[in-house]
Amino acid sequence: MIILVTGGGGFIGSNLCDALLDLGFDVIGVDNFNDYYNPKIKENNLIYAQTYKSFKLYRSDILDFKNISNIFKKEKPQYVVHLAARAGVRPSIVNPKLYAEVNVLGTVNLLKLSVDFKVKRFIFGSSSSVYGNSPNIPFSEDDLCLNIISPYGSSKRKAEFWVESFYRSYGLSSVILRFFTVYGPRGRVDMAPFLFLRAILEGKEIIQFGEGQTSRDYTYVTDIVEGIVKALTCSTNLETINLGNSNPITLLEFIKEIEIGISKAAKVKIMPKQAGDVEKTWANVVKARRILDWQPKTYLRDGLRSYIKWLKINS
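Notes on the structure follow. All values reported here derive from a predicted model rather than from experimental measurement.

Thresholds applied
- Residues numbered from 1 in each chain as written.
- Predicted model: local features only at pLDDT ≥ 70, side-chain atom pairs only at ≥ 80, totals over all residues.
- Heavy atoms only, no water.
- Salt bridge = Lys/Arg side-chain N within 4 Å of Asp/Glu carboxyl O.
- Helix = DSSP H or I, 4+ residues; strand = E, 2+ residues; numbered from the N terminus.
- Buried < 20%, exposed > 50% of the residue type's maximum accessible area, 1.4 Å probe, protein only.
- Axes fitted to C-alpha atoms, helices over the stretch in contact; angles between N-to-C directions.
- Parallel < 35°, antiparallel > 145°, perpendicular 65-115°, else oblique.
- Left-handed = near helix turned anticlockwise from the far one by under 90°.
- Contact = heavy atoms within 4.5 Å.
- Nonpolar A, V, L, I, M, F, W, Y, C, P; charged D, E, K, R; others polar.
- Core = buried A, V, L, I, M, F, W, Y, C linked by side-chain atoms within 4.5 Å.
- Pairing = 2+ DSSP bridges.

Pairs can form between side chains of opposite charge once their charged atoms are near each other. Summed over all chains, the structure comprises 20 salt bridges. The residue Lys56 makes a salt bridge to Glu75 at a minimum N-O spacing of 3.4 Å. Here the residue Lys56 occupies a position in strand S3 (residues 55-59), and Glu75 occupies one in helix H3 (residues 65-75), the gap between them amounting to 19 residues. On the basis of relative accessibility, which here comes to 39%, the residue Lys56 falls in the partly exposed class. By relative accessible area, which is 9% here, Glu75 ends up buried.

In C-alpha coordinates:
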(Lines give C-alpha, C1' and ligand atoms only; values in the text may rest on other atoms or scores of the structure.)
Protein backbone atom coordinates (compact mmCIF):
# COMPACT_ATOMS: atom_id res chain seq x y z
CA MET A 1 0.00 0.00 0.00
CA ILE A 2 1.45 3.35 -1.10
CA ILE A 3 0.00 6.25 0.89
CA LEU A 4 0.50 9.93 0.10
CA VAL A 5 0.20 12.24 3.12
CA THR A 6 -0.10 15.96 2.50
CA GLY A 7 1.01 18.15 5.38
CA GLY A 8 3.38 15.31 6.21
CA GLY A 9 5.72 17.52 8.23
CA GLY A 10 2.99 18.92 10.43
CA PHE A 11 1.72 17.91 13.85
CA ILE A 12 -0.80 15.23 12.90
CA GLY A 13 0.84 14.46 9.54
CA SER A 14 4.25 13.57 10.94
CA ASN A 15 2.74 11.38 13.67
CA LEU A 16 0.67 9.64 11.01
CA CYS A 17 3.69 9.09 8.74
CA ASP A 18 5.57 7.45 11.63
CA ALA A 19 2.64 5.15 12.41
CA LEU A 20 2.12 4.12 8.78
CA LEU A 21 5.82 3.40 8.32
CA ASP A 22 5.88 1.30 11.48
CA LEU A 23 2.95 -0.67 10.06
CA GLY A 24 4.99 -1.45 6.95
CA PHE A 25 3.42 0.89 4.40
CA ASP A 26 5.24 2.98 1.79
CA VAL A 27 4.65 6.65 2.59
CA ILE A 28 5.00 9.72 0.38
CA GLY A 29 5.14 12.90 2.45
CA VAL A 30 4.28 16.24 0.86
CA ASP A 31 4.78 19.55 2.66
CA ASN A 32 5.64 23.09 1.58
CA PHE A 33 7.33 23.95 4.92
CA ASN A 34 5.69 27.39 4.97
CA ASP A 35 6.49 30.04 7.56
CA TYR A 36 3.22 29.88 9.56
CA TYR A 37 5.61 28.76 12.28
CA ASN A 38 9.33 27.95 12.21
CA PRO A 39 9.87 25.44 9.35
CA LYS A 40 12.70 23.88 11.35
CA ILE A 41 10.05 22.38 13.64
CA LYS A 42 8.59 20.44 10.73
CA GLU A 43 12.06 19.35 9.66
CA ASN A 44 12.58 17.89 13.13
CA ASN A 45 9.16 16.23 13.04
CA LEU A 46 10.33 14.08 10.14
CA ILE A 47 13.66 12.89 11.53
CA TYR A 48 12.24 9.48 12.48
CA ALA A 49 10.31 9.00 9.23
CA GLN A 50 13.42 9.67 7.18
CA THR A 51 15.19 6.71 8.78
CA TYR A 52 12.88 4.51 6.66
CA LYS A 53 13.78 3.64 3.07
CA SER A 54 10.03 3.33 2.46
CA PHE A 55 9.56 7.07 3.09
CA LYS A 56 9.95 9.78 0.45
CA LEU A 57 9.58 13.50 1.08
CA TYR A 58 8.55 16.10 -1.49
CA ARG A 59 8.69 19.82 -0.77
CA SER A 60 5.76 21.15 -2.70
CA ASP A 61 2.76 23.43 -2.32
CA ILE A 62 -0.64 21.83 -2.92
CA LEU A 63 -1.58 24.91 -4.96
CA ASP A 64 1.15 24.00 -7.47
CA PHE A 65 -0.96 21.62 -9.56
CA LYS A 66 1.77 20.79 -12.05
CA ASN A 67 4.32 19.87 -9.42
CA ILE A 68 1.84 17.81 -7.39
CA SER A 69 0.77 16.09 -10.61
CA ASN A 70 4.36 15.07 -11.25
CA ILE A 71 4.53 13.54 -7.77
CA PHE A 72 1.41 11.47 -8.46
CA LYS A 73 2.81 10.43 -11.83
CA LYS A 74 6.10 9.29 -10.34
CA GLU A 75 4.90 7.66 -7.11
CA LYS A 76 1.44 6.39 -8.11
CA PRO A 77 -0.11 6.55 -4.63
CA GLN A 78 -2.99 4.18 -3.94
CA TYR A 79 -4.35 6.18 -1.01
CA VAL A 80 -4.29 9.88 -0.16
CA VAL A 81 -4.55 11.38 3.32
CA HIS A 82 -5.01 15.11 2.83
CA LEU A 83 -3.98 17.01 5.97
CA ALA A 84 -2.23 20.03 4.43
CA ALA A 85 -4.05 23.28 5.25
CA ARG A 86 -3.71 26.78 6.55
CA ALA A 87 -4.56 26.20 10.19
CA GLY A 88 -5.83 28.44 12.97
CA VAL A 89 -9.08 30.27 13.57
CA ARG A 90 -7.74 33.70 14.51
CA PRO A 91 -5.29 34.06 11.58
CA SER A 92 -8.11 33.15 9.19
CA ILE A 93 -10.01 36.23 10.33
CA VAL A 94 -7.02 38.37 9.38
CA ASN A 95 -6.41 36.71 5.99
CA PRO A 96 -9.55 34.85 4.81
CA LYS A 97 -8.50 34.88 1.14
CA LEU A 98 -5.40 32.80 1.86
CA TYR A 99 -7.50 30.25 3.75
CA ALA A 100 -9.98 29.98 0.89
CA GLU A 101 -7.20 29.44 -1.63
CA VAL A 102 -5.19 26.84 0.27
CA ASN A 103 -7.95 24.96 2.06
CA VAL A 104 -10.44 24.86 -0.80
CA LEU A 105 -8.50 25.08 -4.08
CA GLY A 106 -5.66 22.98 -2.66
CA THR A 107 -8.18 20.28 -1.78
CA VAL A 108 -9.72 20.41 -5.25
CA ASN A 109 -6.25 19.90 -6.77
CA LEU A 110 -5.73 16.77 -4.66
CA LEU A 111 -9.20 15.45 -5.48
CA LYS A 112 -8.71 15.94 -9.22
CA LEU A 113 -5.37 14.14 -9.18
CA SER A 114 -6.80 11.34 -7.05
CA VAL A 115 -9.44 10.73 -9.73
CA ASP A 116 -6.95 11.02 -12.59
CA PHE A 117 -4.58 8.51 -11.00
CA LYS A 118 -7.32 6.15 -9.78
CA VAL A 119 -6.63 6.50 -6.05
CA LYS A 120 -8.57 3.89 -4.05
CA ARG A 121 -9.51 6.16 -1.16
CA PHE A 122 -9.25 9.84 -0.25
CA ILE A 123 -9.11 10.79 3.43
CA PHE A 124 -9.80 14.44 4.21
CA GLY A 125 -8.73 15.96 7.52
CA SER A 126 -11.51 18.37 8.47
CA SER A 127 -12.19 20.14 11.75
CA SER A 128 -14.72 20.56 14.54
CA SER A 129 -14.70 24.24 13.51
CA VAL A 130 -17.32 23.38 10.87
CA TYR A 131 -19.88 23.11 13.70
CA GLY A 132 -19.18 26.63 14.95
CA ASN A 133 -21.62 27.54 17.72
CA SER A 134 -24.13 24.85 16.85
CA PRO A 135 -26.82 24.51 19.53
CA ASN A 136 -26.98 20.77 18.91
CA ILE A 137 -24.75 19.25 21.61
CA PRO A 138 -22.88 16.93 21.32
CA PHE A 139 -21.97 17.62 17.69
CA SER A 140 -23.18 14.90 15.33
CA GLU A 141 -22.18 14.44 11.71
CA ASP A 142 -25.73 15.06 10.44
CA ASP A 143 -25.66 18.64 11.81
CA LEU A 144 -26.29 21.13 8.98
CA CYS A 145 -23.37 23.30 10.21
CA LEU A 146 -25.31 26.56 9.95
CA ASN A 147 -23.44 28.32 12.76
CA ILE A 148 -19.85 28.55 11.48
CA ILE A 149 -18.18 31.64 12.96
CA SER A 150 -14.71 31.72 11.35
CA PRO A 151 -13.27 31.78 7.82
CA TYR A 152 -11.19 28.73 8.81
CA GLY A 153 -14.32 26.75 9.66
CA SER A 154 -15.98 27.96 6.49
CA SER A 155 -13.01 26.89 4.34
CA LYS A 156 -13.05 23.40 5.86
CA ARG A 157 -16.80 23.02 5.30
CA LYS A 158 -16.50 24.18 1.70
CA ALA A 159 -13.71 21.64 1.14
CA GLU A 160 -15.99 18.93 2.56
CA PHE A 161 -18.58 19.77 -0.10
CA TRP A 162 -15.93 19.28 -2.78
CA VAL A 163 -14.98 15.89 -1.35
CA GLU A 164 -18.64 14.83 -1.40
CA SER A 165 -19.10 16.06 -4.96
CA PHE A 166 -16.09 14.13 -6.22
CA TYR A 167 -17.57 10.92 -4.86
CA ARG A 168 -20.91 11.62 -6.52
CA SER A 169 -19.40 12.84 -9.80
CA TYR A 170 -16.43 10.49 -10.18
CA GLY A 171 -16.95 7.71 -7.64
CA LEU A 172 -13.90 8.65 -5.57
CA SER A 173 -14.20 6.68 -2.31
CA SER A 174 -13.73 9.20 0.48
CA VAL A 175 -13.86 9.63 4.24
CA ILE A 176 -14.11 13.05 5.87
CA LEU A 177 -12.69 13.06 9.39
CA ARG A 178 -13.56 15.95 11.70
CA PHE A 179 -10.80 16.36 14.28
CA PHE A 180 -11.51 17.82 17.72
CA THR A 181 -8.79 19.94 19.42
CA VAL A 182 -5.84 17.61 18.93
CA TYR A 183 -2.91 17.80 21.36
CA GLY A 184 0.23 15.81 22.12
CA PRO A 185 3.87 15.43 21.00
CA ARG A 186 4.79 17.79 18.12
CA GLY A 187 1.68 19.83 18.87
CA ARG A 188 1.39 23.10 16.96
CA VAL A 189 3.20 25.94 18.68
CA ASP A 190 0.25 28.34 18.23
CA MET A 191 -2.23 26.15 20.11
CA ALA A 192 -3.19 26.52 23.77
CA PRO A 193 -1.83 23.12 24.95
CA PHE A 194 1.69 23.96 23.75
CA LEU A 195 1.57 27.62 24.76
CA PHE A 196 0.27 26.88 28.26
CA LEU A 197 2.59 23.96 28.95
CA ARG A 198 5.69 25.80 27.73
CA ALA A 199 4.85 28.96 29.68
CA ILE A 200 4.16 27.18 32.96
CA LEU A 201 7.27 25.01 32.61
CA GLU A 202 9.33 28.18 32.14
CA GLY A 203 7.55 30.11 34.91
CA LYS A 204 6.06 32.57 32.46
CA GLU A 205 2.60 34.09 32.23
CA ILE A 206 -0.15 32.42 30.23
CA ILE A 207 -2.87 34.33 28.40
CA GLN A 208 -6.43 33.25 29.15
CA PHE A 209 -8.95 34.63 26.68
CA GLY A 210 -12.31 35.17 28.36
CA GLU A 211 -13.47 33.98 31.77
CA GLY A 212 -12.41 30.39 31.18
CA GLN A 213 -15.86 28.86 30.72
CA THR A 214 -15.48 27.93 27.05
CA SER A 215 -14.89 24.20 26.71
CA ARG A 216 -13.00 21.96 24.30
CA ASP A 217 -13.00 18.27 23.48
CA TYR A 218 -9.24 17.69 23.76
CA THR A 219 -8.16 14.60 21.81
CA TYR A 220 -4.76 12.95 22.02
CA VAL A 221 -2.86 12.68 18.75
CA THR A 222 -2.28 8.92 18.87
CA ASP A 223 -6.05 8.40 19.07
CA ILE A 224 -6.50 10.63 16.01
CA VAL A 225 -3.80 8.73 14.10
CA GLU A 226 -5.47 5.42 14.92
CA GLY A 227 -8.74 6.75 13.54
CA ILE A 228 -7.08 7.85 10.29
CA VAL A 229 -5.45 4.45 9.84
CA LYS A 230 -8.78 2.69 10.38
CA ALA A 231 -10.47 5.03 7.89
CA LEU A 232 -8.09 3.92 5.15
CA THR A 233 -9.64 0.47 4.96
CA CYS A 234 -13.12 0.78 6.46
CA SER A 235 -16.05 -0.55 4.42
CA THR A 236 -17.67 2.65 3.17
CA ASN A 237 -17.57 4.73 0.00
CA LEU A 238 -18.43 8.13 1.47
CA GLU A 239 -18.71 9.04 5.11
CA THR A 240 -18.19 11.96 7.47
CA ILE A 241 -16.93 10.91 10.91
CA ASN A 242 -16.07 12.76 14.11
CA LEU A 243 -12.82 11.90 15.87
CA GLY A 244 -12.94 13.41 19.34
CA ASN A 245 -12.54 12.51 22.99
CA SER A 246 -16.27 13.04 23.67
CA ASN A 247 -15.42 14.59 27.04
CA PRO A 248 -15.26 18.40 26.88
CA ILE A 249 -13.70 20.38 29.72
CA THR A 250 -13.63 24.11 30.38
CA LEU A 251 -10.54 26.24 29.89
CA LEU A 252 -10.26 26.68 33.66
CA GLU A 253 -10.36 22.91 34.13
CA PHE A 254 -7.76 22.45 31.40
CA ILE A 255 -5.37 24.89 33.09
CA LYS A 256 -5.91 23.04 36.39
CA GLU A 257 -5.03 19.72 34.72
CA ILE A 258 -1.81 21.22 33.38
CA GLU A 259 -0.93 22.54 36.84
CA ILE A 260 -1.47 19.05 38.25
CA GLY A 261 0.67 17.49 35.50
CA ILE A 262 3.54 19.91 36.02
CA SER A 263 3.07 20.30 39.80
CA LYS A 264 3.30 24.04 39.38
CA ALA A 265 0.77 26.88 39.54
CA ALA A 266 0.07 28.94 36.46
CA LYS A 267 0.50 32.70 36.28
CA VAL A 268 -2.63 33.76 34.44
CA LYS A 269 -3.37 37.00 32.61
CA ILE A 270 -7.01 37.34 31.55
CA MET A 271 -7.73 38.99 28.20
CA PRO A 272 -10.99 39.61 26.31
CA LYS A 273 -12.48 36.68 24.43
CA GLN A 274 -11.21 36.46 20.85
CA ALA A 275 -13.29 36.63 17.68
CA GLY A 276 -13.92 33.22 16.15
CA ASP A 277 -13.65 31.29 19.43
CA VAL A 278 -16.59 28.90 19.76
CA GLU A 279 -18.29 28.31 23.11
CA LYS A 280 -17.94 24.54 23.16
CA THR A 281 -16.77 21.55 21.13
CA TRP A 282 -18.08 18.09 21.92
CA ALA A 283 -17.87 15.13 19.59
CA ASN A 284 -20.56 12.51 19.26
CA VAL A 285 -18.43 9.47 18.33
CA VAL A 286 -21.17 6.86 17.87
CA LYS A 287 -20.51 6.74 14.13
CA ALA A 288 -16.76 6.33 14.67
CA ARG A 289 -17.43 3.35 16.92
CA ARG A 290 -19.84 1.80 14.43
CA ILE A 291 -17.97 2.35 11.19
CA LEU A 292 -14.33 2.43 12.25
CA ASP A 293 -14.48 0.33 15.42
CA TRP A 294 -12.74 3.33 16.98
CA GLN A 295 -13.05 5.11 20.27
CA PRO A 296 -10.72 7.46 22.19
CA LYS A 297 -8.40 5.66 24.58
CA THR A 298 -6.40 8.47 26.19
CA TYR A 299 -7.66 10.31 29.26
CA LEU A 300 -6.67 13.96 29.33
CA ARG A 301 -4.52 13.63 32.43
CA ASP A 302 -2.58 10.72 30.91
CA GLY A 303 -2.21 12.51 27.58
CA LEU A 304 -0.93 15.67 29.24
CA ARG A 305 1.55 13.64 31.28
CA SER A 306 2.98 12.12 28.09
CA TYR A 307 3.02 15.49 26.34
CA ILE A 308 4.82 17.15 29.26
CA LYS A 309 7.43 14.40 29.26
CA TRP A 310 7.96 14.89 25.51
CA LEU A 311 8.23 18.68 25.88
CA LYS A 312 10.84 18.43 28.60
CA ILE A 313 12.98 16.20 26.38
CA ASN A 314 12.48 18.21 23.20
CA SER A 315 12.62 21.78 24.53
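Here the narrative resumes.
The next point concerns the packing of helix H9 (residues 251-262) against helix H11 (residues 300-314). Relative to each other, H9 and H11 sit at 55 degrees, their axes nearing to 10 Å. By the angle class used here, H9 and H11 are oblique. Handedness of the H9/H11 crossing: right-handed. Residues Phe254, Glu257, Ile258, Ile260, Gly261 and Ile262 of H9 lie in contact with H11, whose contacting residues are Leu300, Arg301, Leu304 and Ile308. Of the residues that constitute the contact of H9 with H11, the class distribution is seven nonpolar, one polar and two charged.

This part covers the nonpolar core. Note that soluble globular proteins tend to have their nonpolar side chains buried in a common cluster. Val5, Val81, Leu177, Phe179, Ile228 and Leu292 are the most contacted members of the largest nonpolar core, which totals 41 residues. Sorting the residues of this core by element identifies strand S1 (2-6), helix H1 (11-22), strand S4 (79-82), strand S6 (174-179), helix H8 (221-233), strand S11 (238-243) and helix H10 (286-292) as the ones contributing at least two each. Every residue in contact with Leu177, bar those within four places of it in the chain, is listed here: Ile123, Phe124, Gly125, Ser126, Ser127, Gly227, Ile228, Ala231, Ile241, Leu243 and Leu292. Of all hydrophobic cores here, the second largest spans 22 residues; its members include Phe72, Val102, Leu110 and Val163.

Here S4 shows a buried face lined by Tyr79 and Val81 and a second buried face lined by Val80 and His82. With four bridges connecting them, S1 and S4 associate as parallel partners. Counterpart to Ile3 in the pairing with S4 is Tyr79. With four bridges connecting them, S4 and strand S5 (residues 121-127) associate as parallel partners. Bridge pairing links Val80 to Phe122 in S5.

Between H3 and helix H5 (residues 96-116), the shortest axis-to-axis distance is 10 Å and the interhelical angle comes to 35 degrees. For the crossing formed where H3 meets H5, the hand is right-handed. On the side of H3, the interface is formed by Phe65, Ile68, Ser69 and Phe72, while H5 contributes Asn109, Leu110, Lys112, Leu113 and Ser114. Residues belonging to the contact of H3 with H5 are distributed by class as follows: five nonpolar, three polar and one charged.

The next subject is the sheet that holds strand S2 (residues 26-31). Note: strands within a sheet are paired through backbone hydrogen bonds, in either parallel or antiparallel orientation. Spatially, S3-S2-S1-S4-S5-S6-S11 is the arrangement adopted by the seven strands of the open sheet, whose pairing is parallel. Edge positions in the sheet fall to S3 and S11, since each has one partner strand and no second. Here the average twist between neighbouring strands, direction ignored, is 15 degrees. Pairing analysis gives five bridges linking S1 to S2, with the strands arranged parallel. Bridging from a neighbouring strand, Val5 pairs with Gly29 of S2. Each of S1, S2, S3, S4 and S6 is contacted by H1, which is oriented at about 165 degrees to S1, the strand it contacts most.

Scope: geometric values only; no functional claims are made or implied.
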